[in-house]
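Structure assessment
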There are 2 protein chains.
Amino acid sequence: MVITPKNSSESNREYAFRTISENIISLDIEPGSMIGEQEIATMLGLSRTPVHEALLELSKSKIVDILPQKGCLVSMIDSELIREARFLRITVETALVEDACELAKEEDLKYLEDNLELQEFYLSKDPDKLLALDNEFHKSIYRICNKMQCHYMVSLMSMHFDRVRSLSLHSVKDLKIVSDHRAIFEAIKKKDPAAARSAFQKHMARFELDWNIICREYKKYIAEPSR
Amino acid sequence: MVITPKNSSESNREYAFRTISENIISLDIEPGSMIGEQEIATMLGLSRTPVHEALLELSKSKIVDILPQKGCLVSMIDSELIREARFLRITVETALVEDACELAKEEDLKYLEDNLELQEFYLSKDPDKLLALDNEFHKSIYRICNKMQCHYMVSLMSMHFDRVRSLSLHSVKDLKIVSDHRAIFEAIKKKDPAAARSAFQKHMARFELDWNIICREYKKYIAEPSR
DNA sequence: TACTTCAAACTAGTATACAAGTTTTTTAGA
DNA sequence: TCTAAAAAACTTGTATACTAGTTTGAAGTA
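The following paragraphs examine the structure supplied in this document. Predicted model only: the values in this text are computed from it and were never measured.

With a probe scaled to a water molecule rolled over the atoms, the places where space remains empty come into view. If you walk through the whole model with that rule in mind, you get two cavities of 30 Å³ or more. Taken together, 15 residues form the lining of the largest cavity, with A:L56, A:E57, A:K60, B:E57 and B:K60 sitting closest to its centre. For the lining of the largest cavity, the secondary structure elements donating two or more residues are helix 3 (48-60) and helix 7 (148-171) of chain A together with helix 3 (48-60) and helix 7 (148-171) of chain B. Residues that form the lining of the largest cavity fall into these classes: seven nonpolar, no polar and eight charged.

Printed below as a string of structure tokens:
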């Protein structure tokens, strides 16, 4: 488990939530492993209470499964939940990129452009940095459309998806996501909703290809279909 | 505050969450009022802990606003958050009703039909019962499409919307929602995605009309636009 | 050795106690 | 009476203590 210092602006609960989330997404906490409240509390120098509350929130998205009086199971990579997370993101964000064509102001376009340049810079250098920029790019679309509450809900579910993207960035060589993002950006800049829509859907379709590769390489982390 | 007995299958935290939610949506707890953890804990015969955790979860959807060391504010009716909740529901459920045309089995159609008959029965008799059946109808669409995790996320945000629907059912006389639901059902039964889509969008558009009526009648509960 | 039983060592859920910050009330002073 | 400062009475955040249930492992029995 990777522990970063506590940000002065965050509460103990927020600190615990952020740290656990980061470690689950980065796979520093392995899918299928058990984590104890006391164990994490000790590592973070906190009591059980804020850790308990953080795990409670994480359990809402089923990224962890609290087994009362037993422990806290970090979920295996579950293709059904990833499917749901993808469905939600594709559905919501497809609608958003169309709206963004109308709503994006000059400063919004500037911000997206800056983000894209950083993505291009870090493309082959730092996968984790790229992932953070990717997330920020998508988040900006929500911000442009004044849908930050939706972003919170979608991002909570996206953790299932993010964990796999984390794998993907490290194992899949041929990355097209940055050029995808630029195509989406250009469509928004040209205020062309149809182009934005198709560029976004092309972007999200790419994942289908990667899934087969990931299944092969990380079989041990992938849940058996329950049916 | 209306207190129902604790269901034997639910934990104290779930009991607190359910009770507080129900009272916020039914407006038995007034928008803009302050509620204390201790106060609610005493009413429910619990300690602060499970109540605290329930309020924490509610704060994630911004239906309550926890002010540290001050108290817990039940949010005013906020048109921006309602807009977001509606956007999310319309976007997600429009996609779902299309999919449902393909995925609905005989037993699913049977279940929807039964629900519809109950809706028709309670239409002019019991607004709260009707609201519950309405929610169950929409939830069934998620179930048919295997998207229950999405349902949880959407429903958490929908509380803003639900609170207004609760007003609407009591104050708006001309209710078309049941016939809307039947139109959606018939489209799914005929496996006609285009018809399902348009029936659903017609259903959700209806709310625009009611909003003006609600604003007039319940002005005291509606937040000032912050901008 | 293999199986049972029971106790000890874990787990999370919840109650309580205290810490830290805000609001309200009281009191002192003019 | 009015103002200002201090203290008391609140609030939530967090730590700790206890409860209840699960797992584990050792002791006892065949």
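After presenting the structure, the write-up continues.
Near DNA strand C, the surroundings consist of 22 residues, among which A:R48, A:H52, B:N12, B:S47 and B:T49 are the closest. Within 4 Å of the protein, the atoms of DNA strand C are drawn from sugar and phosphate moieties in a proportion of 64%. Interatomic distance of 3.2 Å between a side-chain N/O atom of A:H52 and a phosphate oxygen of DNA strand C. Residue B:N12 places a main-chain N or O atom 2.8 Å away from a phosphate oxygen belonging to DNA strand C. Residue assignment for the surface near DNA strand C shows that the elements contributing at least two residues are helix 3, strand 2 (64-67) and strand 3 (71-74) of chain A together with helix 1 (12-25) and helix 3 of chain B. Looking at the surface near DNA strand C residue by residue, the class counts come to seven nonpolar, nine polar and six charged.

This next bit is on the nonpolar core. Counting 128 residues, the largest nonpolar core has A:V92 and B:V92 as the members making the most contacts within it. Among all residues touching B:V92, those that are not within four sequence positions of it are A:F87, A:L88, A:T91, A:V92, B:Y142 and B:V154.

What follows deals with the state of the cysteines. Using the criterion set out here, one finds zero disulfides over all chains in the structure. Residue A:C145 stays outside any disulfide, its sulfur separated by 8.9 Å from that of A:C101, the closest cysteine.

We now examine helix 4 (residues 79-103) of chain A. Helix length check: helix 4 of chain A (25 residues) gives 34 Å between terminal C-alpha atoms against 36 Å at 1.5 Å per residue, within 8%. Residue A:D78 occupies the N-cap position of helix 4 of chain A, its side-chain oxygen lying 2.8 Å from the main-chain nitrogen of A:E80.

Attention now moves to the interface of chain A and chain B. Tallying the contact residues gives 26 residues for chain A and 26 residues for chain B. The contact between chain A and chain B buries some 2,500 Å² in all, and 67% of this surface belongs to carbon and sulfur atoms. It is A:F87, A:Q149 and A:M153 that lose the most area in chain A upon contact with chain B, and together they represent 26% of the buried surface on that side. Between chain A and chain B we count two salt bridges in total. Between chain A and chain B we count twelve residue pairs in polar contact (both at pLDDT 80 or more) in total.

Our next topic: the relation of the copies chain A and chain B. The transformation that overlays chain A on chain B combines an axial shift of 0.0 Å with a rotation of 180°, and the residual RMSD is 0.0 Å. Each copy turns onto its partner about a two-fold axis. The C-alpha atom lying nearest the rotation axis in chain A is that of A:M153; the distance is 3.0 Å. A share of 100% of interface residues in chain A that are also interface residues in chain B marks the association as one of identical surfaces.

Okay, the protein's contact with DNA strand D next. Taken together, 21 residues sit near DNA strand D, with A:N12, A:S47, A:T49, B:H52 and B:Q69 positioned nearest. Near the protein, meaning within 4 Å, the atoms of DNA strand D are sugar or phosphate in a fraction of 62%, with bases accounting for the rest. Here B:E37 contributes a backbone N or O atom positioned 3.3 Å from a phosphate oxygen of DNA strand D. Between DNA strand D and B:R48 there is a distance of 3.0 Å, counted from a base oxygen to a side-chain nitrogen or oxygen. For the surface near DNA strand D, the secondary structure elements donating two or more residues are helix 1 (12-25) and helix 3 of chain A together with helix 3, strand 2 (64-67) and strand 3 (71-74) of chain B. Tallied by class, the residues present in the surface near DNA strand D amount to six nonpolar, nine polar and six charged.

A positive phi is found at A:K62, a non-glycine position, where the angle reads about 65°. With respect to the helices, strands and loops of the structure, A:K62 is situated in the loop between helix 3 and strand 2. With phi around 70°, B:L27 is a residue other than glycine that occupies positive phi space.

Moving on, we get to helix 3 of chain B. For helix 3 of chain B, spanning 13 residues, the distance from its first C-alpha to its last is 19 Å, which sits close to the expected 18 Å at 1.5 Å a residue. Every buried residue belonging to helix 3 of chain B is among B:P50, B:V51, B:E53, B:A54, B:L55, B:L56, B:E57 and B:L58, and all of these are buried.

Right, let's get into the sheet that holds strand 1 (residues 34-35) of chain A. All names here are of chain A. One open sheet holds the three strands; their spatial order is 1-3-2, and the pairing between them is antiparallel. Each end of this open sheet is capped by a strand with a single partner; those strands are strand 1 and strand 2. Pairing analysis gives four bridges linking strand 2 to strand 3, with the strands arranged antiparallel. Within the sheet, the bridge partner assigned to D65 lies in strand 3 and is L73.

It is worth spelling out the environment of B:G32 at this point. Residue and element names in this part refer to chain B. Positionally, G32 belongs in the loop between helix 1 and strand 1 (34-35). When its relative accessible area of 33% is taken as the criterion, G32 is described as partly exposed. G32 sits 45 residues away from I77 along the chain, and the two C-alpha atoms are 8.4 Å apart. If we skip the residues at most four places from it in the chain, G32 touches L73, V74, S75 and M76.

Thresholds applied
- Residues numbered from 1 in each chain as written.
- Chains lettered and ligands numbered in written order.
- Predicted model: local features only at pLDDT ≥ 70, side-chain atom pairs only at ≥ 80, totals over all residues.
- Heavy atoms only, no water.
- 1 Å grid on protein atoms, 1.4 Å probe; cavity = no way out; pocket = protein on both sides within 12 Å on 5 of 7 lines; lining within 4 Å.
- Points joined across faces, edges and corners; volume = space filled by probe spheres on them.
- Helix = DSSP H or I, 4+ residues; strand = E, 2+ residues; numbered from the N terminus.
- Nonpolar A, V, L, I, M, F, W, Y, C, P; charged D, E, K, R; others polar.
- Near = heavy atom within 4 Å.
- Polar contact = N/O pair within 3.5 Å; in protein donor to acceptor, adjacent residues only side chain to side chain.
- Core = buried A, V, L, I, M, F, W, Y, C linked by side-chain atoms within 4.5 Å.
- Buried < 20%, exposed > 50% of the residue type's maximum accessible area, 1.4 Å probe, protein only.
- Contact = heavy atoms within 4.5 Å.
- Disulfide = S-S within 2.5 Å.
- Expected span 1.5 Å × (residues − 1).
- Buried area = accessible area lost by both parts, 1.4 Å probe.
- Salt bridge = Lys/Arg side-chain N within 4 Å of Asp/Glu carboxyl O.
- Least-squares fit on C-alpha atoms with pLDDT ≥ 70 in both.
- Pairing = 2+ DSSP bridges.

Nothing here speaks to function; it is geometry throughout.
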